[in-house]
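Residues per chain are reported as follows:
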Amino acid sequence: MMILGSERVVTNDFSSHKTAEDYSGNHLSEIKITGSAKVVRVVNHYLPHEDSLNYDSFVKNQYQWKDGDYYNCISITGKSIRYHKDELGGNCVVLSGYVDGVHYYYGLYHMAKVNVNVGDIVNQDTILGYQGNTGLVASRKALSDVTYGTHVHMELIDDSNNYLNPRDYALGNKRIEWVSQGNERNENMDQIHILADKINIRESFSKTSKDLGDVYKDETYDILEVKDNEGYTWYKIKTSTNITGYVANLVNENWIEVLKKKEQEQEEKEDEQEESNLDSKYILLYKAEKTDIYYIRLKENEELYLKK
Ligand SMILES: [Zn+2]
């Protein structure tokens, strides 16, 4: 059976796994999707086999291994390896896309190696990565076998955090499609350009207000309103998928850049031009270094010119 672009079988179905399905084929076989999607999360720093964790020894040792948000683990080959608590699925790709206007995420875990980056738009021709055994896996194979526990763990999640059966998407019977939710670049409007990988869209200009979704790196949005609140600058936007809300830039952070409308840029250029024209029309007589009594009272930094 072709599952996720390669010959695979279902090894743990949704009714027993509950939040996902597991598919297994050849170790290092290609992983592809049907349809299209945007890459919103990548983990790609664990080594297959030598960083693999045995599920049972993890369950047995997890309290001893726990160190804040991390686990200081012993891998199946005896290597000391530190895992973040959110990375027990090993190397992974999380994708974002739509089915009939409804937004979904799907995640593919335990990869040997990931081939894509956050922000990439991927489709059926993209090799997302290769089947592997990074993270928590279980197997009856010998621990020395480099293919120990190799499989793809696939999750399909909706915006309300419900886990759905991913089988039809794995088989290619159904597909998610990427719909760009950003606005087109419009030089007649002030717009924001997203520089961070991902920023929440909030219902109001407060970080405790309702989470309506996310904007992603490289997207552009028209600015409908600007508010300063809680140390953030909030930009009101409307996505092409009809979400209206606020995205925040923490003051002094570069999560968002403002793209000014063209006339504004032109005016600024004209101002600069005017300044350089001063030299040809006027002669500088005296620059007051401080506020003092002169023949003419000048304030600090005021300049006195004589017209040619
Ligand atoms: Zn699984």
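Residues numbered from 1 in each chain as written. Predicted model: local features only at pLDDT ≥ 70, side-chain atom pairs only at ≥ 80, totals over all residues. Heavy atoms only, no water.

### A word on the pairing of strand S8 (residues 70-74)
Step number 1: Burial of the side chains of S8 is restricted to one face: Tyr71 and Cys73 are buried, whereas none of Tyr70, Asn72 and Ile74 on the reverse face is.
Step number 2: Pairing geometry for strand S7 (residues 66-67) and S8, over two bridges, is antiparallel. By the bridge assignment for S8, Lys66 is matched with Tyr71.
Step number 3: Here S7 folds back onto S8, and the loop between the two strands holds two residues, one of which, Gly68, carries a positive phi near 65°.
Step number 4: Looking at chain direction, S8 and strand S9 (residues 80-84) are connected through five bridges and run antiparallel. Pairing of Ile74 across the sheet is with Ser80, part of S9.
Step number 5: Count of turn residues in the S8/S9 antiparallel hairpin: five residues, of which Gly78 carries a positive phi of about 90°. (Buried < 20%, exposed > 50% of the residue type's maximum accessible area, 1.4 Å probe, protein only. Helix = DSSP H or I, 4+ residues; strand = E, 2+ residues; numbered from the N terminus. Pairing = 2+ DSSP bridges.)

### With respect to the sheet that holds strand S14 (residues 129-130)
By definition, the strands of a sheet pair up through backbone hydrogen bonds, in either a parallel or an antiparallel sense.
Step number 1: The sheet built from three strands is open, its strands ordered S4-S14-S12 with antiparallel pairing. Each edge of the sheet is formed by a strand with only one pairing partner; in this case those strands are strand S4 (30-31) and strand S12 (113-114).
Step number 2: Where S12 and S14 come together, two bridges link them in antiparallel fashion. Opposite Lys113, over in S14, you have Tyr130 as the bridge partner.

### What to know about the domain arrangement of the protein chain
Buried accessible area, meaning the area lost when the parts come together, often serves as the stated size of an interface.
Step number 1: By domain assignment, the protein chain separates into domain 1 (2-171), domain 2 (191-259) and domain 3 (262-307).
Step number 2: If you average the C-alpha positions of domain 1 and of domain 3, the two centres end up 64 Å apart. (Domains from an automatic or database assignment.)

### Side note on the nonpolar core
Step number 1: Within the largest apolar cluster, 24 residues are counted, with the highest numbers of intra-cluster contacts made by Leu4, Leu95 and Leu108.
Step number 2: A total of four residues in this core trace back to one element, the largest contributor, which is strand S11 (residues 102-111).
Step number 3: Counting 19 residues, the second-largest nonpolar core is a separate cluster that includes Val43, Trp65, Tyr83 and Leu136. (Core = buried A, V, L, I, M, F, W, Y, C linked by side-chain atoms within 4.5 Å.)

### Digging into the layout of surface pockets
Step number 1: When its volume is computed, the largest pocket comes out at roughly 620 Å³.
Step number 2: Around the largest pocket, the lining comprises 23 residues; the ones closest to its centre are Asp22, His110, Leu136, Val137 and His151.
Step number 3: Those elements giving two or more residues to the lining of the largest pocket turn out to be strand S2 (6-12), strand S3 (21-25), helix H2 (55-65), S11 and strand S15 (136-137).
Step number 4: Of the residues contributing to the lining of the largest pocket, the split by class is seven nonpolar, twelve polar and four charged.
Step number 5: Looking at the second largest pocket, its volume works out to about 520 Å³.
Step number 6: If you trace the second largest pocket, you find 23 residues lining it, with His103, Tyr105, Asp159, Gly213 and Asp214 closest to the centre.
Step number 7: Only strand S5 (36-43), strand S10 (91-99), S11, strand S16 (152-158), strand S19 (198-202) and strand S20 (211-216) provide two or more residues apiece to the lining of the second largest pocket.
Step number 8: With five residues, S20 is the largest single contributor of residues to the lining of the second largest pocket.
Step number 9: A domain split of the lining of the second largest pocket shows at least three residues from each of domain 1 (2-171) and domain 2 (191-259). (1 Å grid on protein atoms, 1.4 Å probe; cavity = no way out; pocket = protein on both sides within 12 Å on 5 of 7 lines; lining within 4 Å. Points joined across faces, edges and corners; volume = space filled by probe spheres on them. Nonpolar A, V, L, I, M, F, W, Y, C, P; charged D, E, K, R; others polar.)

### Examining the coordination of the zinc ion
Step number 1: Each protein donor to the zinc ion is listed here as His17 (NE2), Asp22 (OD), Asp22 (OD) and His153 (ND1); together their distances run 2.0 to 2.7 Å.
Step number 2: Taken together, the four donor atoms surrounding the zinc ion define angles of 52 to 156° at the centre, an arrangement classified as irregular.
Step number 3: Going along the chain, you hit the donors of the zinc ion in the pattern H-x4-D-x130-H. Pair noted here: Asp22 is in strand S3 and His153 is in strand S16, with a separation of 131 residues, a long-range link.
Step number 4: Taking the relative accessible area as the measure of exposure, Asp22 reaches 10% and is therefore buried. (Donors = N, O, S within 2.8 Å, 3.2 Å for Na, K, Ca; no water. Tetrahedral: all angles 85-135°; square planar, octahedral: opposite > 155°, others 65-115°.)

### A short note on the sheet that holds strand S25 (residues 256-259)
Step number 1: Here we have three strands laid out as an open sheet, ordered S21-S18-S25, and antiparallel in their pairing. With one partner strand each, in any of the chains shown, strand S21 (220-222) and S25 form the two edges of the open sheet. Pairs of neighbouring strands in the sheet enclose a mean axial angle of 30°, with direction left out of account.
Step number 2: Where strand S18 (residues 191-194) lies against S25, four bridges are found, and the strand directions are antiparallel. Among the inter-strand pairings, Ile192 is bridged to a residue of S25, identified as Val258. (Axes fitted to C-alpha atoms, helices over the stretch in contact; angles between N-to-C directions.)

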